[in-house]
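Each chain, written out:
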Amino acid sequence: NAEVPEKQVLLEELNVEARLKAVAGKLAQQLDMLELQAKIQGQVKESIDKNQRRYYLQEQIKAIRRELGEADVDGHTEVENLRAKIRDAKLPELVQKEADRELGRIENIPQASPEYGVIRTYLQIISELPWSKETVDKIELKESRAILDRDHHDLDKVKRRIIEYLAVRKLKQSNPTSAKEKSNEALARDAGAILCFVGPPGVGKTSLGKSIAESMGRHFIRVALGGVRDEAEIRGHRRTYIGSLPGRIITELRKAGTRNPVMMLDEIDKLGADFRGDPASALLEVLDPAQNHSFTDHYLDVPFDLSKVLFIATANTMETVPGALRDRMEVIEIPGYTQSDKLLIAKQYLVPRQLEANGLKKSHATFTDAALRHIIEHYTREAGVRNLERSIGSVARGIAAEIVGETATKVKVDEAYVEKSLGPIRFESELAQRTSVPGVATGLAYTPVGGEILFIEASRMHGKGGITLTGQIGEVMKESVSAAFTLLRSRADSFGLDYKQFSEVDVHVHVPAGAVPKDGPSAGIAMFVALSSLFLNKPVRHDVAMTGEITLRGLVLPIGGLKEKVLAAKAAGIKQVIVPARNKKDMPDIPDEVKNSLQFHFVDNVDQALEVAIGTPGKPRPPKRRSDEVGAA
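Note on numbering: residues in each chain are counted from 1, in written sequence order. Local features are withheld for residues below a pLDDT of 70 in this predicted model, meaning they are given only at 70 or higher, and side-chain atom pairs are given and counted only at 80 or more; totals for whole chains, interfaces and linings count all residues. Note that water and hydrogens are dropped before the side-chain values are worked out from all heavy atoms of the structure.

### What to know about the overall build of the protein
Every helix listed is a DSSP run of H or I at least four residues long, and every strand listed is a run of E at least two residues long, numbered separately from the N terminus. In terms of regular secondary structure, the protein is built from 25 helices and 18 strands. Taken over C-alpha atoms, the radius of gyration is set against a globule rule of 2.2 Å times the number of residues to the power 0.38. For 633 residues, the compact-globule estimate of 2.2 N^0.38 gives 26 Å, and the protein exceeds it by more than 25% at 39 Å. Its C-alpha atoms give the protein principal-axis dimensions of roughly 155 × 70 × 50 Å. Burial classification: accessible surface area is computed with a 1.4 Å probe over protein chains only, and a residue below 20% of its type maximum counts as buried, one above 50% as exposed, and the rest as partly exposed. In the protein, buried positions account for 45% of the 633 residues.

### Things to note about the packing of aromatic side chains
Only centres within 6.5 Å qualify two rings of Phe, Tyr or Trp (six-membered ring in Trp) as a pair; their planes then separate them into stacked at under 30 degrees, edge-to-face at over 60, and tilted for everything else. According to the stated counting rule, one finds six aromatic pairs in the structure shown. Ring geometry for Trp131 versus Phe304: centroids 4.8 Å apart, planes at 55 degrees, classification tilted. Here Phe304 lies in strand β5 (residues 303-304) and Trp131 lies in the loop between α5 (114-128) and α6 (141-151), a separation of 173 residues in the sequence. In this structure, Trp131 and Phe304 share a single accessibility class: buried. Look at Phe600 and Phe602: their rings are 6.2 Å apart centre to centre, the planes differ by 15 degrees, and that puts the pair in the stacked class.

### Quick notes on the packing of helix α15 (residues 369-378) against helix α16 (residues 386-404)
Every angle, taken between N-to-C directions, lies between 0 and 180 degrees, and every axis is a line fitted to C-alpha atoms, over only the stretch in contact when it is a helix. Relative to each other, α15 and α16 sit at 130 degrees, their axes nearing to 10 Å. By the criterion of interaxial angle, the relationship of α15 to α16 is oblique. Our pair here, α15 against α16, has a crossing hand that is right-handed. On α16, the residues that touch Leu372, Ile375 and Ile376 of α15 are Leu388, Ser391 and Ile392. Gly counts as polar in this scheme, as do all residues outside two lists: the nonpolar Ala, Val, Leu, Ile, Met, Phe, Trp, Tyr, Cys and Pro, and the charged Asp, Glu, Lys and Arg. Split by residue class, the contact of α15 with α16 holds five nonpolar, one polar and no charged. Every angle not falling under 35 degrees, over 145, or within 65 to 115 is termed oblique; those three ranges are roughly parallel, roughly antiparallel and roughly perpendicular. Each crossing gets its handedness from the near helix: less than a right angle anticlockwise from the far helix is left-handed, clockwise is right-handed. Throughout, a contact is declared for two residues whenever any of their heavy atoms are within 4.5 Å.

### Considering the pairing of strand β2 (residues 220-224)
Only one face of β2 is buried: it carries Ile221 and Val223, and the other face, with Phe220, Arg222 and Ala224, is open. Summarising the sheet, β2 and strand β3 (residues 262-266) pair through five bridges and their orientation is parallel. Pairing of Arg222 across the sheet is with Met264, part of β3. When DSSP finds two or more bridges between a pair of strands, those strands are recorded as paired.

### What to know about the nonpolar core
Looking at soluble globular proteins, one finds that nonpolar side chains tend to be buried together. For our purposes a nonpolar core is just a set of buried Ala, Val, Leu, Ile, Met, Phe, Trp, Tyr and Cys residues, chained together by side-chain atoms within 4.5 Å. Core analysis: the largest hydrophobic core is formed by 53 residues, its most contacted members being Leu265, Ile268 and Met329. Residue contributions to this core peak at six residues, all from α5. Those residues in contact with Ile268 that sit more than four places away from it in its chain are Leu225, Leu283, Leu287, Ala313, Thr314, Ala315, Val321, Leu325 and Met329. Judged by nonpolar contacts, the second largest core, of 51 residues, contains Val203, Phe367, Leu372 and Val411.

### Section: the pattern of salt bridges
Oppositely charged side chains can form a pair if their charged atoms are brought close together. Every case where a carboxyl oxygen of Asp or Glu lies within 4 Å of a side-chain nitrogen of Lys or Arg is listed as a salt bridge. Applying the stated criterion across every chain yields a total of 31 salt bridges. Its salt-bridge partner being Glu285, residue Arg235 comes within 2.5 Å of it at the nearest N-O pair. Highlighted residues: Arg235 in helix α10 (residues 232-235) and Glu285 in helix α12 (residues 279-286), separated in sequence by 50 residues. The pair formed by Arg235 and Glu285 is uniform in burial state, with each residue classed as buried.

### Considerations on a negative patch on the surface
A surface patch of like charges, here negative, comprises Glu377, Asp414, Glu415 and Glu419. Mapped onto the elements of the fold, Glu377 is located in helix α15. Judged by relative accessible area, which is 33%, Glu377 ranks as partly exposed. Only residues whose relative accessible area exceeds 30% and that form no salt bridge are eligible for patches; like-charged ones are grouped when within 9 Å, while nonpolar side chains (Val, Leu, Ile, Met, Phe, Trp, Tyr) are grouped when within 5 Å. Surface exposure here means Shrake-Rupley accessible area, sampled with a 1.4 Å probe, where a residue is shielded only by the protein chains that are shown. Just so you know, the count uses Lys and Arg for positive and Asp and Glu for negative, and it drops His and the chain ends. Just so you know, the charge point we use is NZ for Lys, CZ for Arg, CG for Asp and CD for Glu.

### Some words on the confidence of the model for the protein
pLDDT expresses how confident the predictor is about each individual residue, on a scale running from 0 to 100. Counting all residues, the mean pLDDT for the protein is 83, and 91% of those residues have values of 70 or more. Looking at the elements of the protein, mean pLDDT is at its lowest for helix α25 (residues 626-630), recorded as 41, and at its highest for strand β17 (residues 576-580), recorded as 94. The model gives residues 178-191 a pLDDT under 50, and that stretch makes eleven contacts with residues more than four places away or in other chains.

Pasting the structure below:
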């Protein structure tokens with residue numbers, strides 16, 4: 001089997017040995033070619049046999065699974081079911097490629113392999129996430145306002161902001177714009193602001209989120225962030241770890257079943273940070289409308305669009321929230337309630353709810369206004385109404401016991417019945433603690449649980465000009481005491497004080513409730529008034545409280561939390577409040593009831609504050625006895 005020219009060469013060769021060698025070479029080439037053809041044909045046949053064998057075995061496996069009950073009624077395997085679920089989920093193109101790749105891997109992995117379980121769980125989570133499912137907003141502003149008013153008393157500023165948000169959403173729906181024409185900034189604006197409700201416990205921050213979700217017709221999900229220290233709680237674990245799962249954001253969206261729920265990030269100020277990462281930093285991408293359209297969870301490893309989610313954060317204070325995170329949220333402060341607010345809330349919301357919760361009918365019990373006011377003033381001391389509801393529940397349980405025991409059919413709850421149910425009075429008016437002794441001033445403090453009044457006590461004794469501070473005072477408050485003492489000494493001439501006495505006595509400044517940590521600059525003016533009262537030997541007016549930061553020049557600087565502070569002053573029986581002049585801008589936030597019952601003195605410097613608190617400084621009053629000169633106040 002050769003070409004004609006090659007055969008002609010063989011015939012022309014007359015030497016027998018040379019001709020045989022040439023023929024032998026041609027035959028060897030022919031033999032190699034035949035062997036190669038036979039090998040290729042064998043490989044093709046083997047490949048066809050393998051495919052037929054694989055198909056035959058797969059059909060056998062399906063039949064065995066049907067017999068064992070591992071396949072569904074239609075005989076579909078687990079992989080086929082996953083493929084159908086993923087197809088129905090309508091994944092984005094990038095996510096679909098990743099899902100197809102994982103489906104290809106799982107088909108070639110034995111079920112006994114650990115990798116099979118990891119991929120199966122991943123594909124199940126991918127298929128159950130709401131990539132394209134969302135609820136249609138039903139925005140009717142009148143109905144939304146009615147729902148908010150039904151569930152919450154007052155909070156007009158918060159309700160107004162929510163109604164504004166809903167109005168913007170409705171306008172956006174009625175004036176749709178092509179997505180191609182929108183810039184990234186416009187898309188971020190469409191996502192809407194991320195709200196953060198800040199206020200003391202029990203004022204209704206979390207329940208506001210539920211009302212917003214109901215008014216919009218959306219699902220409500222709550223993510224409790226208090227005590228979270230692991231960054232993986234937000235972003236998830238990578239799939240290389242055993243038992244890895246997505247983060248809380250993706251997990252809650254999977255439960256909600258829609259990609260546009262109202263998500264409440266509760267207690268965002270109580271996030272921690274340790275060797276496992278900083279969850280607050282992980283939230284930066286989640287809460288940024290310009291970035292969260294492509295949020296990437298470590299477990300999913302593909303972007304998920306969070307721009308449709310309405311995020312609402314809650315916090316008791318913004319001091320512990322990092323600045324970068326605070327910048328991404330619109331902070332709405334929800335201050336504490338006045339006593340009249342609490343009375344209305346108790347009558348409209350708390351009493352009916354507790355009667356129903358304890359199996360009582362309205363005909364079984366009647367709460368008088370005096371009884372509710374007695375509980376508010378003498379059994380609870382809080383900015384919110386959580387303990388108030390708890391106390392009303394305790395009274396309601398006592399009524400239930402009487403009704404069941406047939407000792408009464410109807411109970412009228414008055415002050416005597418409250419004391420019988422709740423025991424002795426727990427809180428008395430702070431007026432009982434104030435005295436007319438020089439060296440005691442009443443300050444106003446702000447805490448994450450609301451405002452409170454703070455007594456500053458100053459005393460002097462023989463010594464060498466030292467100063468002692470007690471009452472678990474923080475570093476900032478210690479500096480306020482030093483600044484106040486320096487300011488007093490610098491004004492000794494104008495006050496008619498002798499310089500020598502500052503070097504001959506030791507001063508002790510104490511803030512009662514020593515087990516409670518106290519810090520902040522806003523007690524500076526109270527420190528100065530207390531020390532001035534001590535050395536001038538003139539008592540501070542017992543019905544005056546004050547707040548403000550001071551400088552070494554004697555200026556009074558503005559402070560925060562004014563509403564909470566004046567609410568605490570009113571509850572304690574204070575009649576006059578000394579406030580920095582630069583805090584006049586905060587007066588519109590203070591209820592009219594409080595404005596009308598308190599006299600506000602706006603001061604720019606410590607001289608004005610002293611004039612209100614103790615009168616014109618002038619010359620110090622001569623001591624009656626030697627002991628008063630160095631005695632304790």
